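# Chain and residue survey
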Amino acid sequence: MAQPERFGRYRVLRRLGSGSFATVWLGHDDLLDTPVAIKVLAENWAHNLDIHQRFVEEARILRQADSEWLVRVHDIGTLPDDRPYFVMTYADRGSVADRIAAGPLPMDEALRLLTEIGQGVTVLHRHGTIHRDIKPSNVLLQSSPVGERVLVADLGFAKSIDEASGFTASAGTPGYMSPEQSVIGGDIDVRADVYSLGAVAYELLTGKRPPRPPVRVPPSRLRPGLPPALDELIMSALSPNRGDRPPDAATFTSRIREIRMSPDLALATPWWQRYRTAWTRLGAAVAVVAAVLATTSAAAASPRLPMMEVYDSSGELRVRIPTPWVRQMQLNGWSPRELGVPGGHEPGLLVATDLAAWPDPEQEVSGLFAGLFAADSQPPDLDLLISADLCAGEPQQQHFTNDHWDGELWQWSDCVPDGPAGGAFTAAALRHRDHERTLYLEIRQSEHQPRTVAEILEGVRLTS
Ligand SMILES: Nc1ncnc2c1ncn2[C@@H]1O[C@H](COP(=O)(O)OP(=O)(O)OP(=O)(O)O)[C@@H](O)[C@H]1O
């Protein structure tokens with residue numbers, strides 16, 4: 001299909017890909033100034049009433065479920081040739097299938113993704129829907145202020161739980177599909193999705209799809225050292241007999257969450273890796289830099305960067321950032337639960353030269369993440385919060401205080417392997433002097449300039 005100019009009020013930028021029944025385009029909503037993904041029914045299916053209805057039904061389910069764990073549908077329309085299209089959240093980071101293509105994932109990354117995928121499927125089950133085609137390519141990834149989030153997508157085969165029994169056509173993808181789904185006329189229920197979750201878990205951890213039943217090979221055989229509880233859970237989800245599986249996605253997900261939070265795993269995995277995309281340890285030794293805020297000769301020699309002010313979308317937080325870093329931003333807040341601190345949605349922002357590169361230690365990027373949370377009667381143990389080394393070696397720790405803030409600073413250098421001068425990473429946890437607020441700050445520099453860190457710290461303000 002040639003690239004159209006527009007679908008309704010959405011400007012088309014490029015084709016993202018095509019599936020069996022539809023093509024998905026990257027578009028731009030000029031009124032709301034935001035990228036969108038637009039799914040358009042393929043021309044060869046336009047006159048098939050069943051496919052047409054299923055396409056619209058997919059949009060309806062996603063719209064009604066309206067969840068942060070699912071692709072959200074914002075709009076629906078019809079082209080002049082009567083083909084329907086719907087407009088949804090653009091997942092800018094590809095799919096879990098792309099991630100797995102590089103090999104099995106680190107344990108924590110795999111468990112984080114599984115928890116989020118499980119939450120998406122749980123939302124569908126509560127909505128009364130069976131997905132029927134959960135697989136890595138149907139789980140999309142989107143940038144968020146503190147890394148990325150999972151969006152379960154492609155409900156082209158989804159069925160309401162009421163309708164699913166005695167369903168005549170088989171649907172699903174071999175390797176992820178439960179045995180009962182391949183039986184024409186067999187009835188299915190939410191446990192078909194539990195099987196697929198088990199298959200996705202298997203592949204995330206081993207890099208391979210599970211063998212087809214009746215062959216059963218526990219994932220620990222391919223990845224020795226897996227926690228036995230995880231091995232058992234995955235094998236039970238992959239039981240040919242659905243009565244032996246966890247009863248639904250919520251049960252499967254809460255078991256994954258328990259395993260993820262179990263003391264054994266927590267001891268082996270620092271908070272940083274549990275809550276964030278892991279930063280790999282780089283190199284053996286680190287040249288510890290001179291005090292961050294001291295005006296060393298290196299600092300004096302580095303050129304001063306022009307600075308500009310950026311506010312988060314709530315307007316509570318203002319930061320001053322080097323202008324050349326302000327290429328891409330997310331201003332709409334974060335959840336301090338990312339750091340294991342209780343709390344809901346809070347003001348936060350991420351500004352960087354490249355948002356997609358932000359959590360990836362292999363890439364050069366400069367930027368700043370700042371997020372607030374309540375410093376209430378039970379303040380978090382900030383030492384505990386910053387307990388892990390983000391790059392190789394020990395960070396240089398330093399107390400920071402000015403008229404507005406008081407707290408601790410951790411500085412790592414030589415974090416970016418091929419940076420021109422070796423990159424640097426700074427984390428800070430600062431308590432406000434007048435307001436019950438704590439600020440968590442990360443600064444990533446592709447070229448280490450201590451004076452820039454000092455200027456950023458001096459420029460952070462609460463506006464109220
Ligand atoms: N919201 C989205 N944001 C970004 N890319 C998307 C989005 N939705 C779908 N895509 C991409 O568009 C392509 C086509 O998606 P689609 O759901 O139509 O089919 P599929 O999942 O590739 O195949 P099938 O439906 O046959 O299983 C895929 O590469 C998919 O990753």
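Looking at an unreviewed UniProt entry, one finds the protein chain named non-specific serine/threonine protein kinase and attributed to Thermobifida alba.

### Let's talk about the UniProt feature "binding site: ATP" (unreviewed entry) in the protein chain
Using the residue numbers shown here, the UniProt feature "binding site: ATP" (unreviewed entry) corresponds to Lys 39. Tracing the chain through its elements places Lys 39 in strand β4 (residues 34-41). With 26 C-beta atoms counted inside 10 Å, the residue Lys 39 sits in the buried group. Residues contacting Lys 39, with those up to four places away along its chain left out, are Ala 22, Val 24, Tyr 85, Phe 86 and Met 88.

### As for the site of the ligand
If you check the shell around the ligand, you find 20 residues, and the closest are Gly 17, Gly 19, Ser 20, Val 24 and Ala 37. Mapped by element, the contributors of at least two residues to the shell around the ligand are β2 (10-18) and β3 (22-29). Take the shell around the ligand: its biggest share by element is three residues, from β2. Of the residues in the shell around the ligand, the class split is ten nonpolar, nine polar and one charged. When residues are assigned to domains, the shell around the ligand turns out to be shared by domain 1 (6-88) and domain 2 (96-261), each giving three or more.

### Considerations on helix α8 (residues 249-261)
Between its first and last C-alpha atoms α8 spans 18 Å; for 13 residues at 1.5 Å apiece the expected length is 18 Å, and the two agree. What α8 keeps buried is the set Ala 249, Phe 252, Thr 253, Ile 256, Ile 259 and Arg 260. Seen along its axis, α8 keeps its buried residues to an arc of 120°; they face one direction.

### What about the pairing of strand β5 (residues 73-78)?
Where β5 and strand β6 (residues 84-88) come together, five bridges link them in antiparallel fashion. By the bridge assignment, Gly 77 is partnered in β6 with Tyr 85. Between the end of β5 and the start of β6, which pair antiparallel, lie five residues, with Asp 82 showing a positive phi angle near 80°.

### Quick notes on the sheet that holds β6
Across a sheet, paired strands are connected by hydrogen bonds in the backbone, their directions being either parallel or antiparallel. Pairing within the open sheet is antiparallel, and its six strands lie in the order β1-β2-β3-β4-β6-β5. Each having just a single partner strand, β1 (6-7) and β5 make up the two edges of the open sheet. Where helix α1 (residues 49-65) meets the sheet, it contacts β3, β4, β5 and β6, and its direction lies at approximately 20° from that of β6.

### Let's talk about the sheet that holds strand β12 (residues 317-322)
Within the open sheet, the three strands sit side by side as β11-β12-β20. Their pairing is antiparallel. In this open sheet, the two edge strands, each paired with only one partner strand, are β11 (307-311) and β20 (461-462). Here β12 pairs with β20 via two bridges, running antiparallel. By the bridge assignment for β20, Arg 318 is matched with Arg 461. Across the sheet, helix α13 (residues 450-459) touches β11 and β12, and the angle it forms with β12 is around 160°.

Cut-offs and rules
Residues numbered from 1 in each chain as written. Predicted model: local features only at pLDDT ≥ 70, side-chain atom pairs only at ≥ 80, totals over all residues. UniProt positions renumbered as here; feature names shortened; annotations may be inferred. Helix = DSSP H or I, 4+ residues; strand = E, 2+ residues; numbered from the N terminus. Buried ≥ 20, exposed ≤ 12 C-beta atoms within 10 Å, placed from the backbone. Contact = placed C-beta atoms within 7 Å. Near = placed C-beta within 6 Å. Nonpolar A, V, L, I, M, F, W, Y, C, P; charged D, E, K, R; others polar. Domains from an automatic or database assignment. Expected span 1.5 Å × (residues − 1). Arc of directions from axis to C-beta. Pairing = 2+ DSSP bridges. Axes fitted to C-alpha atoms, helices over the stretch in contact; angles between N-to-C directions.

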